[in-house]
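Listed below are the residues making up each chain.
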Amino acid sequence: MVLIKISGLCQKYGGRTVLNNINMAIEKGEVFALIGPTGAGKTTLLRLMGFLEAPTTGEIYFDGADISVAKRVKLEVRRRIAFVLQKPVVFNMSIYDNIACGLKWRGKKHPEIEAKISHLLEVVGLSALRHKNARTLSGGEAQRVAIARALAVEPEVLLLDEPTANLDPVSTAKIEQLVSHAVRLKMTVIMTTHDMSQGQRLANRIGVLVNGEMLQVGNSSQIFASPRNKKVAELVGVENIIDGVVTSNEEKAVTIDIGGAIIEAISDLSVGEEICACVRPEDITLTLSKTPSSARNSFSGKIVRVISIGPLMRVQIDCGFPLVALVTTKSAEELGLKSGRRVCASFKATGIHVVKKEERI
Ligand SMILES: Nc1ncnc2c1ncn2[C@@H]1O[C@H](COP(=O)(O)OP(=O)(O)OP(=O)(O)O)[C@@H](O)[C@H]1O
Ligand SMILES: [Mg+2]
């Protein structure tokens, strides 16, 4: 069921377009992550969804109601949404009072507040510090207090702006547990993040916002395995993005001129189209010399760098264009892979994901 529907949303500040024609829907109970580079418009979109400001043009419907119609509707809807800011605000009072203040404003009675806050303090792992002044907390603790305060009023929608920015891995894991807790309480969570892996871990769906445009919306495997265009591929960290032009297409078996060399791939893009060939490092096979194999693409190159990452080796190769391959440490040792060594890098036509250089939805 759609909870928030956004159509034709634009936001301008002083004539500058910050969000351009955003169309999307948020499903009830989902975790939706907005990812995108700095300045992409993530916070702005979140603020609009939280009705903290009005869009220049376009509509936002909450549970079927157009919020712009009546002030009263807007106020009712606002009470169903909680917003935790990028820089969490904590008040100059105890952790307990910080978390309780939303309930006090809503006129709740003391026993109810006490029971609820004690439970939330357990959830956020701050029971022992309940009387401590919140202003003295670390960034991660303050973020937990801000989220607990939001959870206390049992919103239907929790908006989290970069909830783990600048936090260490332990604090990040704690915040992520809180997001999972909110999901168990059937809240709809919309969050922004720079952290692609966090989007993958937490979100049912991800929206990729670049320069005010929503370039792709999908589940994490759609976004990470099949980025829609070059910008998305770059943003989600595809390591091998090779620019080229389609020079032939016979029943989707395409040849791509990458400036001197040819790559064969599968795609329905037409001849003349400017594209990028995305190749996953784990799909590249390295051998010491050219071997007859089923891989359609085989390039000779010189190893530039070898970096160990746990059981794997990341091998950077110069094939006239840069290529990164991931191989097991065992096979790297067997092949004697080290910088300066010449190798042959092969990958199958079917392992390549071909995307247009520029495309919008
Ligand atoms: N109230 C405002 N007045 C003028 N410009 C604004 C305002 N709010 C945001 N902007 C501009 O809009 C653009 C998008 O800002 P926004 O904060 O939404 O980006 P973001 O994706 O959240 O970035 P970050 O990842 O750094 O938090 C920026 O260029 C910012 O300077
Ligand atoms: Mg922001």
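Quick notes on the rules
Residues numbered from 1 in each chain as written. Chains lettered and ligands numbered in written order. Predicted model: local features only at pLDDT ≥ 70, side-chain atom pairs only at ≥ 80, totals over all residues. Heavy atoms only, no water. Phe/Tyr/Trp six-rings, centres within 6.5 Å; stacked < 30°, edge-to-face > 60°. Helix = DSSP H or I, 4+ residues; strand = E, 2+ residues; numbered from the N terminus. Buried < 20%, exposed > 50% of the residue type's maximum accessible area, 1.4 Å probe, protein only. Pairing = 2+ DSSP bridges. Domains from an automatic or database assignment. Contact = heavy atoms within 4.5 Å. Buried area = accessible area lost by both parts, 1.4 Å probe. Salt bridge = Lys/Arg side-chain N within 4 Å of Asp/Glu carboxyl O. Polar contact = N/O pair within 3.5 Å; in protein donor to acceptor, adjacent residues only side chain to side chain. Nonpolar A, V, L, I, M, F, W, Y, C, P; charged D, E, K, R; others polar. Near = heavy atom within 4 Å. Areas by Shrake-Rupley, 256 points an atom, 1.4 Å probe, with all protein chains shown as cover. Donors = N, O, S within 2.8 Å, 3.2 Å for Na, K, Ca; no water. Axes fitted to C-alpha atoms, helices over the stretch in contact; angles between N-to-C directions. Disulfide = S-S within 2.5 Å.

## Overview of the packing of aromatic side chains
Here comes step 1: On inspection of all chains with the given rule, the structure shows four aromatic pairs.
Here comes step 2: Taking the centre distance of 6.4 Å and the plane angle of 75° together, the rings of Phe51 and Phe62 count as edge-to-face. Here Phe51 is found in the loop between helix 1 (42–49) and strand 4 (57–62), whereas its partner Phe62 is found in strand 4, with 11 residues between them in sequence. Of the two residues, Phe51 and Phe62, both sit in the buried class.
Here comes step 3: Feature note: the residues Phe299, Phe321 and Phe347 constitute an aromatic cluster, connected by ring pairs.

## Some points on the sheet that holds strand 5 (residues 65–66)
Here comes step 1: Ordered in space as 2-1-4-5, the four strands form an open sheet in which the pairing is antiparallel. Each edge of the open sheet carries a strand with a single partner, namely strand 2 (16–27) and strand 5.
Here comes step 2: By the bridge criterion, two bridges tie strand 4 to strand 5 in an arrangement that is antiparallel. Bridge pairing in strand 5 links Phe62 to Ala65.

## Some words on the domain arrangement of the protein chain
Here comes step 1: Assigned domains of the protein chain: these are domain 1 (2–233) and domain 2 (238–356).
Here comes step 2: For domain 1 versus domain 2, the separation of C-alpha centres amounts to 40 Å.
Here comes step 3: Counting residues at the interface gives seven residues for domain 1, matched by eight residues for domain 2.
Here comes step 4: Of the roughly 610 Å² buried between domain 1 and domain 2 on both sides combined, carbon and sulfur atoms contribute 61%.
Here comes step 5: Here domain 1 and domain 2 share one salt bridge between them.
Here comes step 6: The partner of Lys230 in a salt bridge is Asp243, and the shortest N-O contact between them spans 3.1 Å.
Here comes step 7: The interface formed by domain 1 and domain 2 holds four residue pairs in polar contact (both at pLDDT 80 or more) in total.
Here comes step 8: Along the lines of polarity and charge, the residues of the side of domain 1 that touches domain 2 split into three nonpolar, two polar and two charged.

## Concerning the site of ligand 1
Here comes step 1: Neighbouring residues of ligand 1: 13 residues in total, closest Arg16, Gly39, Lys42, Thr43 and Thr44.
Here comes step 2: Measuring from an oxygen atom of ligand 1, one finds a side-chain N or O atom of Thr43 at 2.8 Å.
Here comes step 3: Within the complex, the protein chains bury 63% of what would otherwise be the 640 Å² of accessible surface of ligand 1.
Here comes step 4: Every element with two or more residues in the shell around ligand 1 is listed here: strand 2 and helix 1.
Here comes step 5: Residue composition of the shell around ligand 1, grouped by class: four nonpolar, seven polar and two charged.

## Quick look at the coordination of the magnesium ion (ligand 2)
The reference angle at a metal is 109.5 degrees if four donors form a tetrahedron and 90 or 180 degrees if six donors form an octahedron.
Here comes step 1: For the magnesium ion (ligand 2), every protein donor is listed as Thr43 (OG1) and Gln86 (OE1), and the spread of their distances is 2.0 to 2.6 Å. Taken together, the residues Thr43 in helix 1 and Gln86 in the loop between strand 6 (81–84) and helix 3 (95–105) connect sequence positions 43 residues apart.
Here comes step 2: Residue Thr43 is classed as partly exposed on the basis of its relative accessible area of 28%.

## Remarks on the sheet that holds strand 13 (residues 262–266)
Here comes step 1: Taken in spatial order, the five strands make up an open sheet running 13-12-11-14-20, and their pairing is antiparallel. Strands with a single pairing partner mark the edges of an open sheet, and in this sheet they are strand 13 and strand 20 (352–356). With direction set aside, neighbouring strand axes in the sheet form an average angle of 45°.
Here comes step 2: As judged from the five bridges shared by strand 14 (residues 274–279) and strand 20, these two strands associate in the antiparallel manner. Looking at the pairing, Cys276 lines up with Val355 of strand 20.

## Looking at helix 1
Since the α-helix turns once every 3.6 residues, residues separated by three or four places project in the same direction.
Here comes step 1: Of all the eight residues making up helix 1, six are buried; the element is thus mostly covered by neighbouring parts of the structure.
Here comes step 2: Residues of helix 1 that are buried: Lys42, Thr44, Leu45, Leu46, Leu48 and Met49.

## Section: unusual backbone geometry
One can expect most non-glycine residues to show negative phi and most peptide bonds to be in trans.
Here comes step 1: A positive phi angle, close to 45°, is found at Glu162, a residue other than glycine.
Here comes step 2: Mapping Glu162 onto the fold places it in the loop between strand 7 (157–161) and helix 6 (169–184).
Here comes step 3: For Glu162, a relative accessible area of 4% puts it in the buried group.
Here comes step 4: We note that Lys252 has phi near 75°; this positive angle belongs to a residue other than glycine.
Here comes step 5: Looking at where Lys252 falls in the secondary structure, it is placed in the loop between strand 11 (240–250) and strand 12 (253–257).

## Some words on the pairing of strand 11
Here comes step 1: Relative to strand 14, strand 11 runs antiparallel, the two sharing six bridges. Bridged to Ile241 within strand 14 is Cys278.
Here comes step 2: As judged from the five bridges shared by strand 11 and strand 12, these two strands associate in the antiparallel manner. Across the sheet, Val246 pairs through a bridge with Ile256, a residue of strand 12.
Here comes step 3: Linking strand 11 to strand 12, which pair antiparallel, is a turn of two residues; within it Glu251 sits at a positive phi near 45°.

## Observations regarding the state of the cysteines
Here comes step 1: Taken as a whole and assessed by the stated rule, the structure comprises zero disulfides.
Here comes step 2: Cys276 carries a free sulfur, and the closest cysteine sulfur to it, the one in Cys278, is 6.3 Å from it.

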